[in-house]
Amino acid sequence: HGPVFGSGGQDAQIGIATTDAVPVYLGVFPQTLSEERAVELGVKDKQGVYIMNTVANSPADRGCLKKGDVIVEFDGKPVVNNEQFRAYLRKCEPG
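What counts and what doesn't
Residues numbered from 1 in each chain as written. Predicted model: local features only at pLDDT ≥ 70, side-chain atom pairs only at ≥ 80, totals over all residues. Heavy atoms only, no water. Helix = DSSP H or I, 4+ residues; strand = E, 2+ residues; numbered from the N terminus. Buried < 20%, exposed > 50% of the residue type's maximum accessible area, 1.4 Å probe, protein only. Polar contact = N/O pair within 3.5 Å; in protein donor to acceptor, adjacent residues only side chain to side chain. Contact = heavy atoms within 4.5 Å. Arc of directions from axis to C-beta. pLDDT = per-residue confidence, 0-100. Core = buried A, V, L, I, M, F, W, Y, C linked by side-chain atoms within 4.5 Å. Phe/Tyr/Trp six-rings, centres within 6.5 Å; stacked < 30°, edge-to-face > 60°.

Time to look at the side chain of Ser58. Among the secondary structure elements, Ser58 is positioned in the loop between β5 (49-54) and α2 (59-62). The class of Ser58 is buried, set by a relative accessible area of 2%. At 3.5 Å, the side chain of Ser58 and the backbone oxygen of Leu26 are in polar contact. Those residues in contact with Ser58 that sit more than four places away from it in its chain are Tyr25, Leu26 and Gly27.

A word on helix α3 (residues 82-90). When we look at burial in α3, the residues that qualify are Asn82, Phe85, Arg86, Tyr88 and Leu89. Down the axis of α3, the sector holding all buried residues measures 155°, keeping them to one side. The opening residue of α3, the one whose side-chain oxygen lies 3.2 Å from the backbone nitrogen of Glu83, is Asn81.

The subject of this paragraph is the confidence of the model for the protein chain. Low pLDDT means the predicted atomic positions in that stretch should not be read closely. Of the residues in the protein chain, 75% have a pLDDT of 70 or more, and the chain-wide mean is 80. Confidence scores differ between elements of the protein chain, with strand β1 (residues 4-5) showing the lowest mean pLDDT of 43 and β5 the highest of 96. For residues 1-19, every residue scores under 50 in pLDDT, and the model assigns this stretch 67 contacts once sequence neighbours within four places are set aside.

Generally speaking, a soluble globular protein has its nonpolar side chains buried in company with each other. Among the nonpolar cores identified, the biggest contains 13 residues, and Leu26, Val28, Ile71, Phe74, Val79 and Phe85 are the most heavily contacted of them. Looking at this core, the elements with two or more residues in it are β5 and α3. The element best represented in this core is α3, accounting for three residues. Counting residues in hydrophobic clusters, the runner-up holds eight residues, among them Leu33, Ala38, Val43 and Tyr50.

This next bit is on the packing of aromatic side chains. Taken as a whole and assessed by the stated rule, the structure comprises two aromatic pairs. For the pair Phe74 and Phe85, a centre-to-centre distance of 6.0 Å together with 85° between the ring planes defines the contact as edge-to-face. Taken together, the positions of Phe74 in strand β7 (residues 73-74) and Phe85 in helix α3 put the pair 11 residues apart, joining distant regions of the chain. Here the two residues Phe74 and Phe85 agree in accessibility, since each one is buried. Their ring planes at 10° and their centres at 5.8 Å tell us that Phe74 and Tyr88 sit as a pair that is stacked.

Even without glycine at this site, Lys46 takes up a positive phi of about 55°. Note on placement: Lys46 falls in the loop between α1 (35-41) and β5. By relative accessible area, which is 38% here, Lys46 ends up partly exposed. Residues other than glycine seldom take positive phi values, yet Cys64 does so here, at roughly 75°.

So, in structure tokens, the structure goes:
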């Protein structure tokens, strides 16, 4: 759904329910990208979500997301932090 930047890098796995109570599951352990890590990874705008880990055989794993990736955009919209990323996921249809 948007650019991902990789590099090296575990907490709350995303599994969010949509408004019609059908769960949306990605299978990642995301964290708001810190300014220090953004500088370390060369992320220009110093905002996004750092993927601390993925669940084996999850949609994220099958979609080639991996530990250390940074999501800076989702469906054409900038991702500023973990809360915003989760809000975007809640609006998605499963599948």
